[in-house]
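A structural walkthrough
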Amino acid sequence: MYKVLKQEGRAKRGELTTVHGVVQTPVFMNVGTVAAIKGAVSTEDLEGIGTQIELSNTYHLHVRPGDEIVKKMGGLHKFMSWNKPILTDSGGFQVFSLASMRKIREEGVTFRSHIDGHKIFMGPEESMRIQSNLASTIAMAFDECPSALAEKTYVQNSVDRTYRWLVRCRQEMTRLNSLEDTINRNQMLFGINQGAIFADIRREHAKRISELELDGYAIGGLAVGESHEEMYHIIEETIPYLPVDKPTYLMGVGTPANILEGVERGIDFFDCVYPSRNGRHGHLYTNQGKINLFNAKYELDERPIEEGCQCPACRRYSRGYIRHLLKAKEMLGMRLCVLHNLYFYNTMMTEIRDALDAGRFAAYKKKKLEGMAQEPNQKEK
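The paragraphs below set out a description of the structure included in this document. (Residues numbered from 1 in each chain as written. Predicted model: local features only at pLDDT ≥ 70, side-chain atom pairs only at ≥ 80, totals over all residues. Heavy atoms only, no water.)

1. Observations concerning the environment of Asn295
What counts here: By definition, any uninterrupted DSSP run of H or I lasting at least four residues is a helix, any uninterrupted run of E lasting at least two residues is a strand, and each is numbered from the N terminus. The classification of residues rests on relative accessible area computed with a 1.4 Å probe and restricted to protein chains. Under 20% of the type maximum is buried, over 50% is exposed, and intermediate values are partly exposed.
Note on placement: Asn295 falls in the loop between β16 (291-292) and α12 (319-327). Owing to a relative accessible area of 32%, Asn295 belongs among the partly exposed residues under this scheme. Between the C-alpha atom of Asn295 and that of Gly282, which follows or precedes it by 13 residues, the distance is 9.4 Å.

2. Here's the deal with the pairing of strand β2 (residues 11-18)
Here is the key point about a regular strand: its side chains alternate between the two faces of the sheet. Operational definition: Strand pairing is assigned whenever DSSP detects at least two bridges linking the two strands.
Extensive coverage of β2 is indicated by the burial of seven of its eight residues. Between the antiparallel neighbours strand β1 (residues 2-8) and β2 lie two residues, among them Gly9 with a positive phi of about 70 degrees. As paired elements, β2 and strand β3 (residues 21-25) share five bridges and run antiparallel to each other. Paired with Thr17 across the two strands is Val22, which belongs to β3. The antiparallel pairing of β2 with β3 creates a hairpin that spans two residues between the two strands.

3. Observations concerning the packing of aromatic side chains
Two numbers describe a pair of aromatic rings. These are the distance of the centres and the angle of the planes. Quick note on the threshold: Pairing of aromatic side chains here covers Phe, Tyr and the six-membered ring of Trp, requires ring centres within 6.5 Å, and sorts the geometry by plane angle: under 30 degrees stacked, over 60 edge-to-face, intermediate tilted.
This model, assessed by the stated rule, comprises eight aromatic pairs. Note on Phe190 and Phe269: the rings are 6.0 Å apart at their centroids and 75 degrees apart in plane angle, and the pair reads as edge-to-face. With Phe190 in strand β11 (residues 188-193) and Phe269 in strand β14 (residues 269-271), this pair connects stretches of sequence that are 79 residues apart. Each member of the pair, Phe190 together with Phe269, is buried. Aromatic side chains Tyr285 and Phe344 sit 6.0 Å apart centroid to centroid with 20 degrees between the ring planes, which places their arrangement in the stacked category. With Tyr285 in the loop between β15 (283-284) and β16 and Phe344 in helix α13 (residues 331-357), this pair connects stretches of sequence that are 59 residues apart. We classify Phe344 as buried; its relative accessible area is 5%.

4. Things to note about the sheet that holds β14
Rule in force here: Comment: axis = line fitted to C-alpha atoms, over the contacting stretch for helices; angle = value between 0 and 180 degrees taken between N-to-C directions. When checking whether two residues touch, look at their non-hydrogen atoms; a contact exists if any pair is within 4.5 Å.
Spatial strand order, β4-β5-β6-β10-β11-β12-β13-β14: eight strands in a closed barrel with parallel pairing. Within this sheet the neighbouring strands show an average axis-to-axis angle of 30 degrees, counted without direction. One ladder, built from two bridges, connects strand β4 (residues 27-31) with strand β5 (residues 54-57); its direction is parallel. When the bridges of β5 are listed, Val31 appears paired with Leu55. Across the face of the sheet, helix α8 (residues 199-210) comes into contact with β11 and β12 (216-219) while running at roughly 160 degrees to β11.

Written as structure tokens, this is what we have:
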């Protein structure tokens, strides 16, 4: 059940009640593709940095270790020792990212495993069964993510098929949730809006999927080659046709600026690999712009990554020390940087929710963007 608690323009402050706890929105989902955050981050770490919900990848867990194994281990929550909500994507993004290794037809998609090349078939029913075995809190419907540059005829045909797949996903999930041996019989289903950068296709698809009365709705197929302006335009065109009393999820987005712009337009859920990926390469988010710890100027810097930050890295370690760890290729360096970036994102979402509660989101957004737009370390010169 999703409840809107406060609204400022289209920006919503709400909460989603699930079998694994309440998710306060807007929220950023920390991405643990294979049931772990890259960078040696444990689920205990996630609890310590304020993570509300974790996201894992259906395709990758199906390939390794195998969803049947996860089910035998008691489901994803027990497997990774995480007692808060988990969202699993459907494997549909691999239809896009593994374009050279797949074949699409009405029944579903045939992939070549990125690990050993063996054939994998996945359709709506297979995706639902895998996600049911994983026993995630929220399952995503199986879809195709067309390229932002695809021709309109292709996109329309793809979206029509994605709708038919969604109907099949809903039917299969209803069946799976009725079985005695299903671990999570309250698994939720989110549908996905597609349509590339064609506003008319997006609007019509949003209307059609809204009629299915699902647990939530995602906007997919963005941040895959289009400009930020095109992405924001598509969100603005689509959001009015999705139910306001259901959570909306902008898939795979994005930067702190993208998130602030998305919240303003009515988005509730976000996920992106940026904070963990950038952290592993020494690129760190601060309220005064991004910094790159590989820069020589940080070699003797005794300050934390960001003054006042309460993440595990900033509470104890200096920029100079963490830079040394990164240069020496010590795992601790990557771990501390990933923890800082995830803490920055999670803290920003708390600030956003507080600003919405206080009716000052617009002012918060303006100040946050102005701070992050500075040249790195401008205040330190």
